[in-house]
Protein chains: 2
Amino acid sequence: MSDGLARTLFALSDTNRLKIVELLKTGPLPVGEIAAQLRLNQPQTSKHLKVLLEADLVRIEPAANRRIYHLRTEPFQGLTAWSQSFEQQMISRMTRLETYLEQKQNAVNPKE
Amino acid sequence: MSDGLARTLFALSDTNRLKIVELLKTGPLPVGEIAAQLRLNQPQTSKHLKVLLEADLVRIEPAANRRIYHLRTEPFQGLTAWSQSFEQQMISRMTRLETYLEQKQNAVNPKE
DNA sequence: TTTATATATACCCTTTAAGGAATATTCCAA
DNA sequence: TTGGAATATTCCTTAAAGGGTATATATAAA
């Protein structure tokens, strides 16, 4: 999977990773905290974090013994931009279609 | 996977499904058209469409022999809303943190 | 240097995903 | 009612995901 957007979407498509991301939204946390709060095993937590890391959704700030995971904002901005423009294009296509149909209708059955 | 958002994200996380969705953005199409344009086998196209259907990303409009797949707007609106509010919350948390740190700094080392 | 703590990795197992080929189903037309 | 076109489904195979347990690695403290 080389597509960046697909990778972002995939990383977020697992419920546990989604929970991790929602948790990190409230602030950076070390692995152990994340595992504890979400009742996940530490190894799985690390593995999920690795997926998020490879999708650039998080970054690591080493602090002594621990590794603090921070959310990155860029991928979310990218996701918002994509989804929003997608929506926009769908809607404007539909609007154009409606307009076209109205005009066609008026041509067949003119009101004045 | 019962979480609606996770299901949406998963459905979109496959590159072929992403292509299908991008194609359908330009307008509704029957299965055969989708398969032809994306050079996918018909069975796989049907299977991918099923995943999209179960995630409520598309709807079917039967037309004689064929089944026309339409994109639905709601899930994209939901995705945009989620991602946007997510972003928003991240940013506002960071802003609060900056403000706090500035105040703390001013208290230690007052300018006037 | 040893020890403890936090985290990452390896290995195993089970489940699920995705592609291909063949077949079933549906609906229209003749 | 038979045939053909469009689509869905089934079966098979391969690859990858996710969870569990054990172990390796790294860093700080004793």
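In this text the structure is predicted, and so the values were computed from the model without any measurement. (Residues numbered from 1 in each chain as written. Chains lettered and ligands numbered in written order. Predicted model: local features only at pLDDT ≥ 70, side-chain atom pairs only at ≥ 80, totals over all residues. Heavy atoms only, no water.)

**Re helix 2 (residues 15-25) of chain A**
Taken together, the buried positions of helix 2 of chain A are Arg17, Leu18, Ile20, Val21, Leu23, Leu24 and Lys25 of chain A. Where helix 2 of chain A begins, the side chain of aspartate 14 of chain A points an oxygen toward the backbone nitrogen of asparagine 16 of chain A, at a separation of 2.9 Å. (Buried < 20%, exposed > 50% of the residue type's maximum accessible area, 1.4 Å probe, protein only. Helix = DSSP H or I, 4+ residues; strand = E, 2+ residues; numbered from the N terminus. Polar contact = N/O pair within 3.5 Å; in protein donor to acceptor, adjacent residues only side chain to side chain.)

**Describing the sheet that holds strand 1 (residues 29-30) of chain A**
Read from one edge to the other, the open sheet built from three strands follows the order 1-3-2 (chain A), with strand pairing classed as antiparallel. The sheet terminates laterally at strand 1 and strand 2 (58-63) of chain A, the two strands that pair on one side only. (Pairing = 2+ DSSP bridges.)

**Structural notes on the pattern of salt bridges**
Residues and elements named next belong to chain A. This structure, assessed with the given rule, holds six salt bridges over all chains. Arginine 59 is the partner of glutamate 61 in a salt bridge, and the nearest nitrogen-oxygen pair spans 3.4 Å. We classify glutamate 61 as partly exposed; its relative accessible area is 38%. (Salt bridge = Lys/Arg side-chain N within 4 Å of Asp/Glu carboxyl O.)

**What to know about the environment of glycine 4 of chain A**
Residues and elements named next belong to chain A. Inspection of the secondary structure assignment puts glycine 4 in helix 1 (residues 4-12). Given a relative accessible area of 45%, glycine 4 falls into the partly exposed group. Residues glycine 4 and aspartate 56, 52 residues apart in the sequence, show an inter-C-alpha distance of 9.4 Å.

**Looking at the packing of helix 2 of chain A against helix 4 (residues 42-54) of chain A**
Residue and element names in this part refer to chain A. The N-to-C vectors of helix 2 and helix 4 enclose an angle of 75°; their axes lie 10 Å apart at closest approach. As judged from the angle between their axes, helix 2 and helix 4 are roughly perpendicular. The segment helix 2 lies against helix 4, with Asn16, Arg17, Ile20 and Val21 engaging His48, Leu49, Val51 and Leu52. (Axes fitted to C-alpha atoms, helices over the stretch in contact; angles between N-to-C directions. Parallel < 35°, antiparallel > 145°, perpendicular 65-115°, else oblique. Contact = heavy atoms within 4.5 Å.)

**Some points on the protein's contact with DNA strand D**
For DNA strand D, the set of nearby residues contains 22 residues, the closest of which are Gln44 and His48 of chain A together with Gln42, Ser46 and Tyr69 of chain B. Sugar plus phosphate: this is where 64% of the atoms of DNA strand D within 4 Å of the protein reside. At 3.3 Å, a backbone N or O of valine 31 of chain B approaches a phosphate oxygen of DNA strand D. Put simply, the parts of the chain that give the surface near DNA strand D at least two residues each are helix 2 and helix 4 of chain A together with helix 3 (31-38), helix 4 (42-54) and strand 3 (66-71) of chain B. Element by element, the count of residues in the surface near DNA strand D is highest for helix 4 of chain B, at five residues. Looking at the surface near DNA strand D residue by residue, the class counts come to six nonpolar, nine polar and seven charged. (Near = heavy atom within 4 Å. Nonpolar A, V, L, I, M, F, W, Y, C, P; charged D, E, K, R; others polar.)

**Topic: unusual backbone geometry**
Residue and element names in this part refer to chain A. At aspartate 56, a position not held by glycine, the phi torsion is positive, near 65°. Note on placement: aspartate 56 falls in the loop between helix 4 and strand 2. Given the relative accessible area of 47%, aspartate 56 is considered partly exposed.

**With respect to the sheet that holds strand 2 (residues 58-63) of chain B**
All names here are of chain B. One open sheet accounts for three strands, arranged 1-3-2; its pairing is antiparallel. The two strands at the open ends of the sheet, each matched to only one other strand, are strand 1 (29-30) and strand 2. Here helix 2 (residues 15-25) sits on the sheet and contacts strand 1, strand 2 and strand 3; the angle it forms with strand 3, its principal contact strand, is near 90°.

**Notes on helix 4 of chain B**
All names here are of chain B. For helix 4, with 13 residues, the first-to-last C-alpha span of 18 Å sits near the 18 Å given by 1.5 Å per residue. For helix 4, the full list of buried residues reads Thr45, His48, Leu49 and Leu52. Each buried residue of helix 4 sits inside an arc of 100° when the element is viewed along its axis, so together they form one side. Projecting away from the buried face of helix 4 at angles above 90 degrees are the exposed residues Lys47 and Lys50. Check the buried side of helix 4 and you find it contacts helix 1 (4-12), helix 2, helix 3, strand 2 and strand 3. Backbone geometry just after helix 4 places aspartate 56 at a positive phi near 65°. (Expected span 1.5 Å × (residues − 1). Arc of directions from axis to C-beta.)

These figures capture arrangement, not role.
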